[in-house]
Amino acid sequence: MRLSRAEYKDIVRATEQLRPTRQCMKILKDRFPNHSQSTLLSIFSLEYQKRTKRTISRHHAADVVESHYQRYLNEAKARPAAPVLLEMANEVDLSPALMGRLILDRFLQDVSGEMHSKAVLNSMLKEPSLIPDQVLANNIYQCTINDCCYGPLVDCIKHAIGQEHEVLLRDKLKERNLSFLDENKLRTMGYDKTPDIILEVPIAVEGHIVHWIESKASFGDDYSHRTYLNEQFWSYWNRFGPGLVIYWYGFIGELDCQRDRVTAQNRILQL
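Parameters at a glance
- Residues numbered from 1 in each chain as written.
- Predicted model: local features only at pLDDT ≥ 70, side-chain atom pairs only at ≥ 80, totals over all residues.
- Heavy atoms only, no water.
- Helix = DSSP H or I, 4+ residues; strand = E, 2+ residues; numbered from the N terminus.
- Buried < 20%, exposed > 50% of the residue type's maximum accessible area, 1.4 Å probe, protein only.
- Contact = heavy atoms within 4.5 Å.
- Areas by Shrake-Rupley, 256 points an atom, 1.4 Å probe, with all protein chains shown as cover.
- Lys, Arg positive; Asp, Glu negative; His and termini not counted.
- Charge placed at Lys NZ, Arg CZ, Asp CG, Glu CD.
- Core = buried A, V, L, I, M, F, W, Y, C linked by side-chain atoms within 4.5 Å.
- Domains from an automatic or database assignment.
- Pairing = 2+ DSSP bridges.
- Right-handed = clockwise from strand over helix to strand, strands pointing away.
- Phe/Tyr/Trp six-rings, centres within 6.5 Å; stacked < 30°, edge-to-face > 60°.
- Lys NZ or Arg CZ within 6 Å of the ring centre and 35° of its normal.
- Polar contact = N/O pair within 3.5 Å; in protein donor to acceptor, adjacent residues only side chain to side chain.

Let's talk about the overall build of the chain
Okay, so step 1: Along its length, the chain carries 11 helices and seven strands.
Okay, so step 2: Along the longest, intermediate and shortest principal axes, the C-alpha atoms of the chain span 65 × 45 × 30 Å.
Okay, so step 3: Residue burial in the chain is summarised as follows: out of 271 residues, 47% are buried.
Okay, so step 4: Across the chain, every contact between residues at least 6 apart in sequence was considered, and the portion connecting residues at least 24 apart equals 61%.
Okay, so step 5: Approximately 13900 Å² of the chain is accessible, and the part contributed by carbon and sulfur atoms is 52%.
Okay, so step 6: Of the side chains in the chain, 35 bear a positive and 35 a negative charge, and the two mean positions are spaced by 3 Å.

Some details on the nonpolar core
Okay, so step 1: Core analysis: the biggest nonpolar cluster contains 47 residues, and Leu28, Phe44, Tyr72, Leu85, Leu104, Ile131 and Leu136 have the highest contact counts within it.
Okay, so step 2: Only α1 (5–15), α2 (23–31), α3 (37–59), α4 (62–78), α5 (84–92), α6 (96–112), α7 (118–126) and α8 (134–146) provide two or more residues apiece to this core.
Okay, so step 3: Per-element accounting of this core gives the leading share, eight residues, to α6.
Okay, so step 4: Residues in contact with Tyr72, not counting those within four places in the same chain, are Val84, Leu85, Met88, Ile103, Val135, Leu136 and Asn139.
Okay, so step 5: Ile203, Val210, Ile213 and Trp248 belong to the second largest nonpolar core, which has 13 residues in total.

What to know about the domain arrangement of the chain
Okay, so step 1: The domain boundaries assigned to the chain delineate domain 1 (2–56), domain 2 (60–150) and domain 3 (154–265).
Okay, so step 2: The centre of domain 2, based on its C-alpha atoms, is set 38 Å off from the matching centre of domain 3.

What about the pairing of strand β5 (residues 243–247)?
Okay, so step 1: Of all five residues in β5, five are buried; the element is thus mostly enclosed.
Okay, so step 2: Burial of β5 is two-sided: the residues Gly243, Val245 and Tyr247 facing one way and the residues Leu244 and Ile246 facing the other way are all buried.
Okay, so step 3: Pairing between strand β4 (residues 208–216) and β5: five bridges, direction parallel. Paired with Glu214 across the bridge in β5 is Val245.
Okay, so step 4: Each parallel crossover has a hand, and for β4 linked through helix α11 (residues 222–240) to β5 it is right-handed.

Quick word on the pairing of β4
Okay, so step 1: Bridge count for strand β3 (residues 197–205) against β4 is five bridges, and the pairing is antiparallel. Considered in β4, the bridge of Val205 is made with His208.
Okay, so step 2: The antiparallel pairing of β3 with β4 creates a hairpin that spans two residues between the two strands, and Glu206 there sits at a positive phi of about 50 degrees.

A word on unusual backbone geometry
Okay, so step 1: The phi dihedral of Asp93 falls on the positive side, at around 60 degrees, and the residue is not glycine.
Okay, so step 2: The topology assignment puts Asp93 in the loop between α5 and α6.
Okay, so step 3: Of note in this structure, Asn177 is not a glycine but carries a positive phi near 55 degrees.
Okay, so step 4: Take Asn177: it is sitting in the loop between α9 (152–175) and β2 (180–182).
Okay, so step 5: Judged by relative accessible area, which is 72%, Asn177 ranks as exposed.

Remarks on the packing of aromatic side chains
Okay, so step 1: Tallied over the entire structure, the rule returns eight aromatic pairs.
Okay, so step 2: Seen from their ring centres, Tyr8 and Phe219 are 5.7 Å apart, and the 10 degrees between their planes marks the pair as stacked. Here Phe219 lies in the loop between β4 and α11 and Tyr8 lies in helix α1, a separation of 211 residues in the sequence. Each member of the pair, Tyr8 together with Phe219, is buried.
Okay, so step 3: When the centroid spacing of 5.7 Å and the interplanar angle of 40 degrees are considered together, the rings of Tyr228 and Phe233 count as tilted.
Okay, so step 4: Here the aromatic cluster, defined as three or more aromatic residues joined through ring pairs, consists of Trp212, Tyr228, Phe233 and Tyr236.
Okay, so step 5: The ring of Tyr228 has Lys216 sitting right over it, with the charged end atom 4.0 Å from the ring centre.

Focus: the environment of Asn139
Okay, so step 1: Within the secondary structure, Asn139 sits in helix α8.
Okay, so step 2: Among the residues examined, Asn139 registers a relative accessible area of 3% and is labelled buried.
Okay, so step 3: Sequence separation between Asn139 and Val84 is 55 residues; the distance between their C-alpha atoms is 6.8 Å.
Okay, so step 4: Apart from the residues within four sequence positions on either side, Asn139 is in contact with Tyr72, Ala82, Pro83, Val84 and Leu85.
Okay, so step 5: A distance of 3.0 Å separates the side chain of Asn139 from the backbone oxygen of Val135, its partner in a polar contact.

Here it is as structure tokens:
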């Protein structure tokens, strides 16, 4: 789906007051029924991550962490069955999963008197039953399953979706009898940084030669596309020639302005 910049900005404005909970997607879908939920979720996630980067430092300040922690202890004691951390996260506009991480880290310091490794912290976030406090474990679980932007569940879903679309891309290429090398094959050949697909015989897409294809199971906005250009696409172009980027959940149409080097598309059927 190719969105005009005006359409994209309308959606972005609608996300500004939303929190990263599952319920926010119903609000967006009701307001923009002509756009897929996957596209809306991708745009919201990108915008919320930008918002988080601007504000996360203040939540990590020692006095703020302590304030959050003491408030959690008091409210969890008074209401042990309530989703206290989820409510706190929504109130201060912090990702529930990130709020859970802050409180768990502070709790572990309280229990042992020392900092725990990131590996220990991550293992408890992935499996809350490892947390030696049932009330906190339940709160961490609630934060994880209700967060649509951050946390181990979101990371797992994003990885699975990315893999699913790479498989779909390979299947579509095979259907068209196109010979190609995928990322796994290229790594065995000694390449360290490669696109998802290199075509052994280049093809033409809308009059442009394509040597490689990169699959992105996300929406292509200005920031992410510029980042990908600098960190991936230009190096692919320098090494392999012009290529094709597929944003499966759409992109801002005005970004497709480098067609002599990188063509942006969002439907593999255009091959």
